[in-house]
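Residue strings, one per chain:
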Amino acid sequence: MEVRARAPGKIILAGEHAVVHGSTAVAASIDLYTYASLHFPPLSADNDDTLKLELKDLDLEFSWSVKKLKKTFPVDSGCIPLSPTACSPESFRIIAALVREHNIPEAKIGLAAGVTAFLWLYTCILGFKPAKVIITSELPLGSGLGSSASFCVSLSAVFIALSGTVNLDLNNKGWFTFGDNELDLVNKWAFEGERLIHGKPSGIDNTVSTFGNMIKFRSGALTRIKSSMLLKMLITNTKVGRNTKALVASVAERKLRHPDAMTAVFNAVDSISNKLATIIESPAVDEIAITEKEVILEELMEMNQGLLQCMGVSHASIETVIRTTLKYKLSTKLTGAGGGGCVLTLLPTILSKTIVDKVKAELESCGYQCLTAAIGGNGLQICFGGSS
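Residues numbered from 1 in each chain as written. Predicted model: local features only at pLDDT ≥ 70, side-chain atom pairs only at ≥ 80, totals over all residues. Heavy atoms only, no water.

**Q** Tell me what's going on with the side chain of S154, and back it up with residues and numbers.
**A** Looking at the secondary structure, you find S154 in helix α4 (residues 147–161). Of the polar contacts made by the side chain of S154, one reaches the backbone oxygen of S150; its length is 2.9 Å. If near-sequence neighbours (up to four positions away) are discounted, S154 is found in contact with A5, A7, T34 and A36. (Helix = DSSP H or I, 4+ residues; strand = E, 2+ residues; numbered from the N terminus. Polar contact = N/O pair within 3.5 Å; in protein donor to acceptor, adjacent residues only side chain to side chain. Contact = heavy atoms within 4.5 Å.)

**Q** Any chance you could break down the packing of aromatic side chains for me, citing the residues and the numbers?
**A** Summed over all chains, the structure comprises nine aromatic pairs. Each member of the aromatic cluster is reached from another via a ring pair, and the members are F62, W64, F118, Y122 and F159. When the ring centre of Y33 is taken as reference, the NZ or CZ atom of R6 above it lies at 5.2 Å. (Phe/Tyr/Trp six-rings, centres within 6.5 Å; stacked < 30°, edge-to-face > 60°. Lys NZ or Arg CZ within 6 Å of the ring centre and 35° of its normal.)

**Q** Could you give me a rundown of empty space enclosed by the protein, with the residues and numbers involved?
**A** Following the criterion strictly, the structure yields one cavity of 30 Å³ or more and no others. Approximately 30 Å³ is the volume found for the largest cavity. What lines the largest cavity is L13, L231, M233, L276, I280, L297, M301 and L346. Where the lining of the largest cavity is concerned, the elements lending two or more residues are β8 (231–237), α8 (259–281) and α9 (287–311). (1 Å grid on protein atoms, 1.4 Å probe; cavity = no way out; pocket = protein on both sides within 12 Å on 5 of 7 lines; lining within 4 Å. Points joined across faces, edges and corners; volume = space filled by probe spheres on them.)

**Q** Describe in detail α9, supporting the description with residues and values.
**A** Here α9 is 25 residues long and its end C-alpha atoms lie 36 Å apart, about the 36 Å a rise of 1.5 Å per residue gives. Among the residues of α9, A289, K293, E294, L297, E298, L300, M301, N304, Q305, L307, L308 and M311 are the ones counted as buried. With a side-chain oxygen lying 3.2 Å from the backbone nitrogen of I288, the N-terminal cap of α9 falls on D286. Within two residues after α9, G312 carries a phi angle of roughly 85°, on the positive side. (Expected span 1.5 Å × (residues − 1). Buried < 20%, exposed > 50% of the residue type's maximum accessible area, 1.4 Å probe, protein only.)

Right, here's the structure in full:
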């Protein structure tokens, strides 16, 4: 039996950084996915005692003897698919040692946390069974597009699908969506995987990846919202690495130096996020209404970017993207932590493909990667029995 899952990445449409200081932010799924496939070997397979993980895009493979896993883990450990559980310090120590045995190259050492999350999720949900898991992704790693969350969501989904604890029609053909209870279970497990990768995640990325569409969040409260219009974005990956923790700290320090001014900035961002969510949810009856809404969204994006510059989180690479897209009268803002990373440019419905191609060519000549994505679409989907 084989099962596949695909889970989308995410962008922050408005409110990054300010959300840490109590403002509202809006996140949305994008139609760029991480794919996970799980295959159990036939019962008749001789001497197949291996759990394998293949990260196809990175040309990396990992394997562990199931017998060794059973001996290594505590006696009382067992699969608990319906009870999402945090990884204990003892289990983390054991898993970290198993991961270190593979001598991950220094240039890819950040992947160790992802492999750790894989082992924890697998053993908790499926126990100690031989299997092969293959991961592929359309998302650039470490660029602020939620690649780790989509990794954890897609893994949790395939493990739960074949755990025997949820009612699924195994004869279902093509991609389909879990029910709400199953999605909630996947989301909780994915959050535990995210905790192993990031330490203290907000839960935003895995929730957007699981449920899709859009989420408005403030002070830890997440509200799912639904877009009434199709939005398309050009996502430019500047390939400039950034330190999220340092950028968050620098905004906090600026607030300490200029409390009144920064409070005003955060309040303005809050207003922009709420207005953006209202515009996205409001009905759009025809093309004229959609165009009018896109004009407002462009203005909100421009204002949000200006406030992010006030916070000190822009970067020369981001400003290059803004100047380039401005020549074509397009609105652009950074997404996520800033300091590099990815940049969003709204592509209005009336914009010609010729213009989009010109913008992409200019940006790619700077060494950037350009991706076109629809915003606010499907969340997690699964299918049985091979590729679809």
